Structures are given as structure tokens and as C-alpha cells.
Amino acid sequence: MLKTSDLKFSYTPEKSFHFPDFQVESGDHLLVLGKSGTGKTTLLHLLAGFLSPDSGKIWVDKTDFSSQSGFSKDQFRARNIGVIFQVHHFVASLNVMQNIMLAQKLAHDKPDSHEVMKMLTRLGLKGRARARISEMSQGELQRASIIRGLVNKPVLVLADEPTSSLDDDNCAEVVKLLEEQTARVGATLLVVTHDQRLKDFFTNSIEL
Amino acid sequence: MNLLRVSWRNLRHKPFSTSVSVLLMTLGIAMVSLVIHLGRQIEDQFLKNIAGVDMVVGAKGSPTQLILSSIYHIDAPTGNISKREVEQVLKNPMVESMIPLAYGDSYKGYRILGTTPAYLELYQGSLEEGRSIKADLEVVIGATVAERLGLQVGSHFHGTHGMNEEDTEHQHESHAYQVVGVLERSGLVIDQLIISNIESVWEIHNEHQHEEGEEKEPEYTAVLVSFKNPMGMMMVPRLVNEKTTLQAALPSIEVNALIHQLGFGISTLRLLAILIIVISSISVFLSLLSKLKERKYELALMRSLGAHPLQLCLLLLYEGLLIALVSAIAGLITSRVLLLIISGYIDNNFHYTIQNVGLVSEEYWLFGTSLLIALVASMVPAIIAFRIDISKTLAED
């Protein structure tokens, strides 16, 4: 479950945001639509705990996430929130498998190569497990990103502009993939985007 | 995937910049280690071989040359001195003992030294094989001589006049030396010598003189003197230098001057080597710093995945430390290889063997210091990594 109330954040007095309250039940999906400059990324960073709100609260699974600070926040995120970034950042010196296992390791989970391999197979990346990051296509990297976001079985998955650079077919496929995979671990999915096409795939949406 | 392994992979991911850093640091460490060893060897060899000699008396000339020739056997003697004159001047109550030396021949580049049994006692030389000298033309040989020339007890050979290795014209055909004993290896000059009694040297060279139709009184090349008390060192050398045609030189003074001069060269080399280590650590610093720019997304990502800022800090410190560790090991190995090469060269040219190439205490310091320097060099990049702002960095793209 994800719930926010009266979230405010300002970079400068001129550039400040006041976000609408919303609530998503466990396993439900929410689409947050907004044009650029409406604070999409800011909201995602607040929900992920990369930023702390000036005021207001965020509850993730009954935990008041916004009041936590420092490293306990980092650890809470690592264990409970999976973030899928718009740009697919990976540690360049590690291969695909090692990158995903690094996410397990950093969340203090036991690295489980068997589980990682199962997920890679499910998303058609079995043969790419030991590939270098530089050898991967964008599509492959996105799927690897999704696996990394889900590998620690989070309760909340945040996806930032997952479809903005994709054509219609691939767009539909990625949304399907995200929905399927989050459903598997029973996580709440929140997608932040300016991509109006996604309206058709989500029943719940808010506009910034 | 623990952090150390991630650091290791990061280094391998950029082989070129890593190699440059490692190469530079290896060079610096190898040089410092080499300089430490050579300095030690030189000092060690010089000081050990002074043994109990307080003063050397020889012909007038350079005092350094006198010391180098009569104690270390690495220079030409300054000339010969009259046995009668030297004995007269050393008939002094402050003189504890005197050991006469007479040079004449050599054999394949190794000196044949005529002296008394006291000479071997001075260096505590003991026989590994055979017996001590009982008659003229019998010789006892040092361990290196035995090994290099393949001589053993019972071998015979002809000496060559002077130190010319190839000169067969001046071989003393009529007199064959006989090896009666081989000395144990001592690490001192006696390893490099062929030792006979004084009379052998005289006999061979008097015969020379006879041929030229001239009778000569017995001569020494030099005399090694030790005193009963420090007063002797103050008084006797001055007496010899001022009142006679002889020269007295004090090994302790000459050797200190020599080490001082060599020491200057050594400390210049050491400074150069330390400079190289500093440059290499700057290269570590710059390469970590320049990679930081392209790696900041990676680092922010790791933070977003739950890495503690200190872990990012460690990741970079490990990279610096790994470079230093690899370089230190490679540097110490390189210095050993260079030592062996130099040792071979010195052996061929000066008949000196470098011993003890094991780790010395300064090298533990060198090892620790290199790690410390690398740690300092990676400190700034590590602090930047520590302070990375996840939100700002990830929003930048």
C-alpha cells in the first residue's frame, strides 16, 4: 500500500511543488501523468526517498517512510522499493548477472544466482546473463532493469518514463511486462510518465 | 559481489589507465627498494671488512687508494714500502699488532696476497677443506675463488705478474702454486683472495730482480695495524706521515668519507624514486577523479540500491589500495630481478657478491608508505563519492 498526504517540496521559492494526495492499495497500479516541469521526477524521487519532502507524509506498507532519515531510509528503500529508471544505469565493469546480484547484496539479501537466473530466463535474457553492459541493446537493458527492480521482492515498484522512447508495439509489451512481473511479487506499481498512450493501459491515473 | 571484487573489476574494466598507474608506482617502489639494498650492501661491505684494522701503512699516495687496495683489494696499491722502515716506525708501545701484506701476482683476475696467518685470524677465516699454509708457494683460497676457478685442494697453477688476466707472457713459469686449503664462505674480502705466505711473494719477485742483476731488500705493499688504545690512533698516524716516507691512513675516516660521497649519490637516487612514487600517486588520484565523472551515475545507482555512502567511499579507497598493493608486490619483485642483474655485473667486474636479497625492515616501511600514499591519493575521490547526491545526479540526464 502507498499513501501520500499534503506532499510539498521546493528547490527554490519560485520552483516549488504541492502534490495531490493519493492512495494505492497493495497490488494495484497507478499512473501519474504530467507534462515536463510538473514535478514528475521530483515526485518519484520523493516516493523513492532520494529527496525528503519539506512537509507532508508518505506511507509505504504502513511505514511512515518520509520521516525516516539517512541510512535507514536507504535500507528501507533497498528492501521495499524497486526503482526502474528512465535511463538504464548499470555498473559498467560488472556483467548483467553480477549487476542484478549486486542489488541483492546491497539490500543485505543473500545473493541468489538461481533466482536471478530464473528471472533472466523468464524475460528472455538467459543467454545474456554473462554479457557486458556495453554489449546489451536498449531493450535488453530495460528488461534487465525491470529484473533488478523486482529482484528483492519489493512491496512498491516505481517506474520512471518506462515507455517514452518506445514505439507503440514495444510500449504495450513493456507495460504488460511490468504488470505481469509486479503481480508476481504482489507489488504495488506506480508509473510516472508524460506518455499519454499509457492511459489506455491503466484504470487508475492522476494528472499533475 | 562484495565491494573489494567490484573495485577489482572496476580496475580491470579500465586496463589502460590502471596499467599506467601501476607501472609508474611499480617503477618508483622498485627504485626505492633497489637504492635501499645497494646502500645497505655498500655500507655493510665497507664496514664489515674494516674488521679490526685501525690504521693502514703503505707508500705515499692517495689515502683512499691505499685503503681500497689494502683492505678491499679493489684498487691498485700505492707502491711498495721497505720492511725495515715500517718495522722501525711501528716499534711503538701503542701498536697492538701488525699484519704485513705483499702483493705480487694474480691468477685469472684474483689477487694472490702474501701475508701472515694473523690476516686470516683478523677475518676469522676458517678452513672448509685442507690445511693451512706450511711452506712457500702453498696457498689457501677463498670460497668464491674456489667456486669460480674450479680450484680445489691439490690444484696447481701459475700466477701472472700484476692484475692482468690475459697476460700469459708474464707468467711465472718456474713457480707453480699449490692449493692446500679452501676457506669457508665468509661474505668478506677473503672470499675473493688467494693467500700465500709473504716469502712466496718475495721469492718469486727477488728472482725477477736477480735476473735484472740487482739485490733488493724485502718489501711490503702495506701493513694493517691495530692499536692497544685510541691514543694510538691519535698519535701514530701523525708520526708516520710527518717523520717518514710512508703514509698512514685510517680506514674508519676514509670509509666514512667514501660512504658519505656514495651516500650523496644514493640519497639523490632515493629522492628521484620518491618523486616517481609521488607522481604515480598523483596519476592514481587523477585517474580515479577523471573516472568519477563518468561513474557518478553508477555510484548514485548503487546508493539508490541501498549502498551506504561509506561503502562508495570504500569502493574508491579499495581501488587506490589495490593499485598500490599490486605495484608494491611488482616493485619488490622487480627490484630483486634488478639486484640479481647488478649483482652479476658487480661479480664480474669487482669480484663482489651481493648477499641477502631478502626483505629488509626499510622495505616493510616502503610497503606501508606506498599503501598510505595511495590511500591519501584516493581520499578526495572517495570523499566526492561519499557526498554524491542521488536525486541530483540521477535527474541530471
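Scroll up to find the structure.
Parameters and conventions
- Residues numbered from 1 in each chain as written.
- Chains lettered and ligands numbered in written order.
- Predicted model: local features only at pLDDT ≥ 70, side-chain atom pairs only at ≥ 80, totals over all residues.
- Heavy atoms only, no water.
- Buried < 20%, exposed > 50% of the residue type's maximum accessible area, 1.4 Å probe, protein only.
- Helix = DSSP H or I, 4+ residues; strand = E, 2+ residues; numbered from the N terminus.
- Pairing = 2+ DSSP bridges.
- Phe/Tyr/Trp six-rings, centres within 6.5 Å; stacked < 30°, edge-to-face > 60°.

**Focus: the pairing of strand E9 (residues 194-197) of chain B**
Residues and elements named next belong to chain B. Across the two faces of E9 the burial is the same, with Ile194 and Ser196 and Ile195 and Asn197 all buried. In this structure, strand E4 (residues 110-115) lies alongside E9, joined through four bridges in parallel fashion. Across the sheet, the residue bridging to Leu113 is Ile195, located in E9. The pairing of strand E6 (residues 138-141) with E9 spans two bridges and is classified as antiparallel. Pairing of Ile141 across the sheet is with Ile194, part of E9.

**What about the packing of aromatic side chains?**
Any two aromatic rings considered together are summarised by their centre-to-centre distance and by the angle between their planes. In total, this model carries nine aromatic pairs over all chains according to the counting rule given. Centre to centre, the rings of Tyr11 of chain A and Phe17 of chain A are 6.4 Å apart; their planes meet at 90°, and the pair counts as edge-to-face. Residue classification places Tyr11 of chain A among the partly exposed residues on the basis of a relative accessible area of 41%. Summarising the aromatic geometry, the rings of Phe157 of chain B and Tyr177 of chain B are spaced 5.4 Å apart at their centres and angled 25° between planes, so their arrangement reads as stacked. In this pair, Phe157 of chain B sits in strand E7 (residues 156-161) while Tyr177 of chain B sits in strand E8 (residues 171-183), placing the two residues 20 residues apart along the sequence.

**Some thoughts on the environment of Pro93 of chain B**
Residues and elements named next belong to chain B. In this fold, Pro93 is placed in the loop between helix H4 (83-89) and strand E3 (95-107). What makes Pro93 exposed here is its relative accessible area of 64%. Taking C-alpha positions, Pro93 is 44 Å from Val360, a pair spaced 267 residues apart along the chain.

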